[in-house]
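# Observations on the model geometry
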Amino acid sequence: MLDNLKKYNIVLASNSPRRRELLAGLGIDFTVKVLPDIDESYPSTLPAKDVAEYIAEKKARAYKNLLHEDDLVITADTVVIVGNEILGKPHDAANAADMLRAISGKSHSVVTGVCITSHDVHRSFSVSTEVVFTSLTEEEIDYYVDRYKPFDKAGAYGIQEWIGFIGVTSLQGSYYNVMGLPVQRIYTELKSL
C-alpha cells in the first residue's frame, strides 16, 4: 500500500514524539527534520477554527526553499479551543493549571491543521474533534501538572496520559487528532497523491 509514495522522501517537520509515533503507525518510511524558530504567530482577526491550518501552512512555507526534488514535507499544528479562546502550549505550571481549569467540566475543540508539500503538491486541511471533560478537582489538576509536565501540549494535556484516562467523558471525531495528528485523513490524502 501507498506504493505511490516510493518516489518521495517523506519528511515529518515536527519535534513531537506523538506525531512521530502516529505517522510511523501508517507503515511509511520518513525522516524528521525540524527548523528552529519558525514564527507561529497568526492574525488576531483569524477565526479560532482556522488558526491551526494557518500555522501548518506557515511552517510549510518555511521548508519550501529547502525542499529537494523528491521531498514531501508534512507540517502540522494543533490548537485547543474553548469557546472562542485558543489554548496553546502552556508557558509554565501555573498557566497549565489555568488551561486545565478552563476545560474542566466543559466541551472543547481540538483542531489540527496539516500541510503536505512537495515541489508539485500542496494540500492543506484541518480536522476537528470535540472533547468533553468531567469536572477536575484542584488536586487532580496539580497532580497531573506536577507529574506529567504537559508544557509541550496544546491545552496542557495529553489524552493518552493519566488526565485523559480520568477526565475525558466523551469525544466526537478522531482520537488520534487529539493526540496531535489526524492519521486517517493523512493516509487518505497520501493515498490520493
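Structure's up top.
Keep in mind the model is a prediction, meaning the values are calculated, not measured.

## Details of the overall build of the protein chain
When helices and strands are counted, the protein chain shows seven helices and seven strands. Counting from the amino terminus, the protein chain carries its helices and strands in the arrangement β-α-β-α-β-β-α-β-β-α-α-β-α-α. Its C-alpha atoms give the protein chain a radius of gyration of 17 Å, near enough to 16 Å, the size a compact globule of 193 residues would have. Across its three principal axes, the protein chain shows a C-alpha extent of roughly 50 × 35 × 25 Å. Among the 193 residues that make up the protein chain, the fraction classed as buried is 47%. When contacts within the protein chain are restricted to residue pairs at least 6 apart in sequence, those whose partners lie at least 24 apart make up 67%. Side chains of the protein chain give 20 positive and 26 negative charges; the mean places of these two sets differ by 4 Å.

## Things to note about the side chain of Ser118
With respect to the element layout, Ser118 can be found in the loop between β5 (107-117) and β6 (122-133). Overall, Ser118 belongs to the buried group, its relative accessible area being 1%. Among the polar contacts made by the side chain of Ser118, one reaches the side chain of Asp120 at a distance of 2.7 Å. Not counting chain neighbours up to four residues away, the residues in contact with Ser118 comprise Tyr8, Lys64, Leu67, Asp71 and Leu72.

## Considering helix α1 (residues 17-24)
Every buried residue of α1 is listed here: Arg18, Arg19, Leu22 and Leu23. Projected onto a plane normal to the axis of α1, the buried residues spread over an arc of 125° and lie on a single side. Against the buried residues of α1 lie β1 (9-12), β3 (71-82), α6 (175-179) and α7 (183-191). Where α1 begins, the capping side chain belongs to Ser16, and its oxygen is found 3.2 Å from the backbone nitrogen of Arg18.

## Observations regarding the pattern of salt bridges
Summed over the entire model, instances satisfying the criterion amount to twelve salt bridges. For Asp39, the salt bridge goes to Lys58, with nearest N and O atoms at 2.9 Å. Within this pair, whereas Asp39 is found in the loop between β2 (31-32) and α2 (51-64), its partner Lys58 is found in helix α2, the two being separated by 19 residues in sequence. You can call Asp39 partly exposed: its relative accessible area is 43%. Residue Glu189 is joined to Arg185 by a salt bridge in which the shortest nitrogen-to-oxygen separation is 2.9 Å. With Glu189 and Arg185 both in helix α7, this residue pair falls four residues apart, about one helical turn. Assessed through its relative accessible area of 13%, Glu189 is described here as buried. With relative accessibility at 30%, the residue Arg185 sits in the partly exposed group.

## Focus: the environment of Val127
Residue position: Val127 is located in strand β6. On the accessibility criterion, Val127 (14% relative accessible area) is buried. Each C-alpha atom of the pair Val127 and Val34 lies 23 Å from the other, and the pair is 93 residues apart in sequence. Beyond its immediate stretch of four places on either side in the chain, Val127 contacts Val110, Val111, Thr112, Asn177, Pro182 and Arg185.

## Quick look at the nonpolar core
Core analysis: the largest hydrophobic core is formed by 44 residues, its most contacted members being Leu5, Leu100, Ile103, Phe133, Tyr157 and Leu190. Ranked by residue count, the leading element in this core is helix α3 (residues 93-103), at six residues. The residues touching Leu190, leaving out its near neighbours within four places in the chain, are Leu2, Asn4, Leu5, Ile28, Leu72 and Ile116. In terms of nonpolar packing, the next biggest core, distinct from the first, is built from seven residues, Ala48, Val51, Ala52 and Ile55 among them.

Cut-offs and rules
- Residues numbered from 1 in each chain as written.
- Predicted model: local features only at pLDDT ≥ 70, side-chain atom pairs only at ≥ 80, totals over all residues.
- Heavy atoms only, no water.
- Helix = DSSP H or I, 4+ residues; strand = E, 2+ residues; numbered from the N terminus.
- Rg over C-alpha atoms; globule rule 2.2 N^0.38 Å.
- Buried < 20%, exposed > 50% of the residue type's maximum accessible area, 1.4 Å probe, protein only.
- Contact = heavy atoms within 4.5 Å.
- Lys, Arg positive; Asp, Glu negative; His and termini not counted.
- Charge placed at Lys NZ, Arg CZ, Asp CG, Glu CD.
- Polar contact = N/O pair within 3.5 Å; in protein donor to acceptor, adjacent residues only side chain to side chain.
- Arc of directions from axis to C-beta.
- Salt bridge = Lys/Arg side-chain N within 4 Å of Asp/Glu carboxyl O.
- Core = buried A, V, L, I, M, F, W, Y, C linked by side-chain atoms within 4.5 Å.

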